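Here's the letter readout for the chains.
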Number of protein chains: 2
Amino acid sequence: MKAEDRRELVLIAATGVFGDRGYVATTTDQVAKAAGVSQPYVVRMFGTKEQLFLEVLGRALDRLLVTFRGVLAESSDNLSGRLGLAYVELLRDRGLLLSLMHGFLLGADPVIGPVVRRGFLNVYRFLREEAGFTAEASQRFLEGGMMLNTLVGLRMSDDFESDPSANELLCAALPQKLDVVLDLGAAQRAEQR
Amino acid sequence: MKAEDRRELVLIAATGVFGDRGYVATTTDQVAKAAGVSQPYVVRMFGTKEQLFLEVLGRALDRLLVTFRGVLAESSDNLSGRLGLAYVELLRDRGLLLSLMHGFLLGADPVIGPVVRRGFLNVYRFLREEAGFTAEASQRFLEGGMMLNTLVGLRMSDDFESDPSANELLCAALPQKLDVVLDLGAAQRAEQR
DNA sequence: GTCTATATGCGGATAGAC
DNA sequence: GTCTATCCGCATATAGAC
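What this report covers is the structure whose coordinates are included nearby.

Reading guide: rules and limits
- Residues numbered from 1 in each chain as written.
- Chains lettered and ligands numbered in written order.
- Predicted model: local features only at pLDDT ≥ 70, side-chain atom pairs only at ≥ 80, totals over all residues.
- Heavy atoms only, no water.
- Helix = DSSP H or I, 4+ residues; strand = E, 2+ residues; numbered from the N terminus.
- Rg over C-alpha atoms; globule rule 2.2 N^0.38 Å.
- Near = heavy atom within 4 Å.
- Polar contact = N/O pair within 3.5 Å; in protein donor to acceptor, adjacent residues only side chain to side chain.
- Nonpolar A, V, L, I, M, F, W, Y, C, P; charged D, E, K, R; others polar.
- Buried < 20%, exposed > 50% of the residue type's maximum accessible area, 1.4 Å probe, protein only.
- Core = buried A, V, L, I, M, F, W, Y, C linked by side-chain atoms within 4.5 Å.
- Contact = heavy atoms within 4.5 Å.
- Least-squares fit on C-alpha atoms with pLDDT ≥ 70 in both.
- Expected span 1.5 Å × (residues − 1).
- Arc of directions from axis to C-beta.
- Salt bridge = Lys/Arg side-chain N within 4 Å of Asp/Glu carboxyl O.

What follows concerns the overall build of chain A. On a plain count of helices and strands, chain A comes out with 10 helices and zero strands. Its helices and strands in sequence order give chain A the pattern α-α-α-α-α-α-α-α-α-α, from N to C terminus. Taking 16 Å as the expected radius of gyration for a compact globule of 193 residues, we find that chain A reaches 17 Å, a close match to that expectation. Across its three principal axes, chain A shows a C-alpha extent of roughly 50 × 45 × 35 Å.

Encoded structure:
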C-alpha cells in the first residue's frame, strides 16, 4: 500500500473515532489502533492532533457538498426531500456527520472556530445560491440536519425498542431512512469496547 | 457564605466552563478558578469531574422544564412561539444550553449516555403530554432548538457583521430575540482569554 | 515510510494541615 | 469547610533506529 492510500485510511479511521468521542476525548493512539499503524506515525503524518482534526473536518465538508451537488445535478424536483435523504445516507460514512457536529460545538476555539463557521456557511450558501432555497427553506433544512445529528449523537436508537417516546420521536424525525439509523446503532453497540 | 450557596456557585461556574469547552476539554482547575475556590475543593465537593458534569446536566434540565412549565401555566395560546422565546431567553443562563448540547453528543459514553437520553426524552414528553403537541409539532420544536444550540456553539454571531450569509442565517433563525444571541456573543468575546 | 523508545507536561485525584 | 502540596497516570510529541 502506498503512502497516499495509507493517509486516506488514517483519515477515515480518525473520522470514526472523532465522531464517537469528540475532538478532545479522542487520542491519537485510538486513531492509530483503528488504522493499524503506530501512534507516532499518525502524528508524523499530520503534524498535530489539531491538524488531523482539521483535515477530518475538511474532508467531511467536501464529501457533504459533493454529495449535495450530485443530488442537484440529477434532477431538481423535490430537492429538499432528496437532499434530506442523501444527508441521512451520509451516516453510512462512519463518524462523518458526528465529527462535523462535534466541530460545530467548538466555535469558541480560536483555530477550529473559524474553520467550522466557514464550513457551515458554505453549506448554507449552497442551499441558498445553488439549490435556490429561500432563507426560510434553508434554515428549515439545516434545522432537520442538526436534529438528526443530535439524535445520532445521543445514540437515541439505543432506546428505540425499550422506550415508546424514543420510538415515536425517531419515527417522526425519520419518515424514511429509519433503517439507516437503526443499522448504525446496532453496529456501534456491536463494536463497543 | 454557607456551603450550600458555595456549591450552587461552583455549579453555575461549571455550567459556564462546560458550555464553552465541552466536558472533556474542561479542567476542574478552570471551574475552580471561575468559582474562586481551589481545584481540590471542587473535586471534593462533587467526587469526580464526571459527577460534577452530571449535576450540571441535571440542573440544566431541571431549569429547562421548570421554565417551560411556567410558560405553560401562564397561558396556552401560541404555545410553540412562547416556549421558543423562553428557550432563547435561557441563553442568558450562561452555558446552560451549551452544556446540555455537549452532553447530547456524548451518547456513546456508558455513564453520560443514559442520562442525556432520559433528559432529552423528558423534554419530548413534556411537549407531547403536557403541552399537548403532536409528534410532528414536538419534533419541529426540537429541531429549532438543536439549530439554535448549534449556531450558538459555532459562535456564528462572531460573523454577524462581517459575513452577509451569517447575518441572513441568524436573522432567519431568530425572527425575534436576535439581540439575546448578539449580546451573548459580545460578552463571550469580551471575556476571551 | 514506519517503527520503538521515551521525554515532557498536564490534569484528576489524594493526603493532610488548618 | 477549605486550603497547599503532591502523586500518578496518561497523551502528545520528539528522537532516532531500521
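Let's pick the thread back up.
With that settled, the discussion passes to the protein's contact with DNA strand D. Not every one of the 14 residues close to DNA strand D is listed here, only the nearest: A:Thr28, A:Gln39, A:Lys49, B:Ser38 and B:Tyr41. Sugar and phosphate atoms constitute 57% of the interface atoms of DNA strand D, taking the interface as everything within 4 Å of the protein. The contact in question runs from a phosphate oxygen of DNA strand D to an N or O atom on the side chain of A:Thr28, over 2.8 Å. Note that a phosphate oxygen of DNA strand D is positioned 3.0 Å from one of the backbone N or O atoms of A:Lys49. Grouping the constituent residues of the surface near DNA strand D by class yields four nonpolar, six polar and four charged.

Further remarks concern unusual backbone geometry. Backbone geometry places A:Lys177, a non-glycine residue, at a positive phi of 65°. When you line up the elements, A:Lys177 lands in the loop between helix H9 (164-173) and helix H10 (178-190). The partly exposed category is assigned to A:Lys177, whose relative accessible area is 24%. Backbone geometry places B:Asn78, a non-glycine residue, at a positive phi of 50°. Looking at the element boundaries, B:Asn78 is found in the loop between helix H4 (49-74) and helix H5 (79-89). Given the relative accessible area of 55%, B:Asn78 is considered exposed.

With 141 residues, the main nonpolar core has A:Phe120 and B:Phe120 as its most contacted residues. Contact partners of A:Phe120, with chain neighbours within four places excluded, come to A:Phe104, A:Leu142, A:Met146, B:Met147, B:Thr150, B:Leu151, B:Leu154, B:Met156 and B:Leu169.

Lining the immediate environment of DNA strand C, one finds 16 residues, of which A:Ser38, A:Tyr41, B:Thr28, B:Gln39 and B:Lys49 sit closest. Counting only atoms of DNA strand C within 4 Å of the protein, the sugar-phosphate share comes to 57%. At a separation of 3.3 Å, a phosphate oxygen of DNA strand C approaches a polar backbone atom of B:Thr26. Take B:Gln39: an N or O atom from its side chain is 3.0 Å from a base nitrogen of DNA strand C. Contributing elements (two or more residues each) for the surface near DNA strand C: helix H1 (3-21) and helix H3 (39-46) of chain A together with helix H2 (28-35) and helix H3 (39-46) of chain B.

Moving on: the relation of the copies chain B and chain A. Two copies of the chain are present, and they differ by a rotation about an axis and a shift along that axis. For the pair chain B and chain A, the best superposition has an RMSD of 0.0 Å and corresponds to a rotation of 180° with a translation of 0.0 Å parallel to the axis. Such a combination of turn and shift is consistent with a two-fold rotation axis. For chain B, the residue whose C-alpha comes nearest the rotation axis is B:Glu143, separated from it by 2.6 Å. Comparing contact sets, 100% of the residues at the interface of chain B also lie at the interface in chain A, consistent with an isologous, same-surface contact.

Residues and elements named next belong to chain A. In this model, H10 (13 residues) spans 19 Å end to end at C-alpha, consistent with the 18 Å of a helix rising 1.5 Å per residue. Looking at H10, one finds that the buried residues are Leu178, Val180, Val181, Leu184, Gly185 and Gln188. Seen end-on, H10 carries its buried residues on one side only, within an arc spanning 165°. The secondary structure elements touched by the buried residues of H10 are H1, helix H5 (79-89), helix H8 (135-153) and H9.

Counted by the stated rule, this structure contains 32 salt bridges over all chains. For A:Arg92, the salt bridge is made with A:Asp183, and the minimal N-O distance between the two is 3.6 Å. Taken together, the residues A:Arg92 in the loop between H5 and helix H6 (96-104) and A:Asp183 in helix H10 connect sequence positions 91 residues apart. We note a salt bridge from B:Asp29 to B:Lys33, for which the minimum N-O separation is 2.8 Å. Highlighted residues: B:Asp29 and B:Lys33, both in helix H2, separated by four residues, approximately one helical turn. With a relative accessible area of 33%, B:Asp29 lands in the partly exposed category. What you see here is one network of salt bridges that share partners, running through A:Glu89, A:Arg92, A:Lys177 and A:Asp183.

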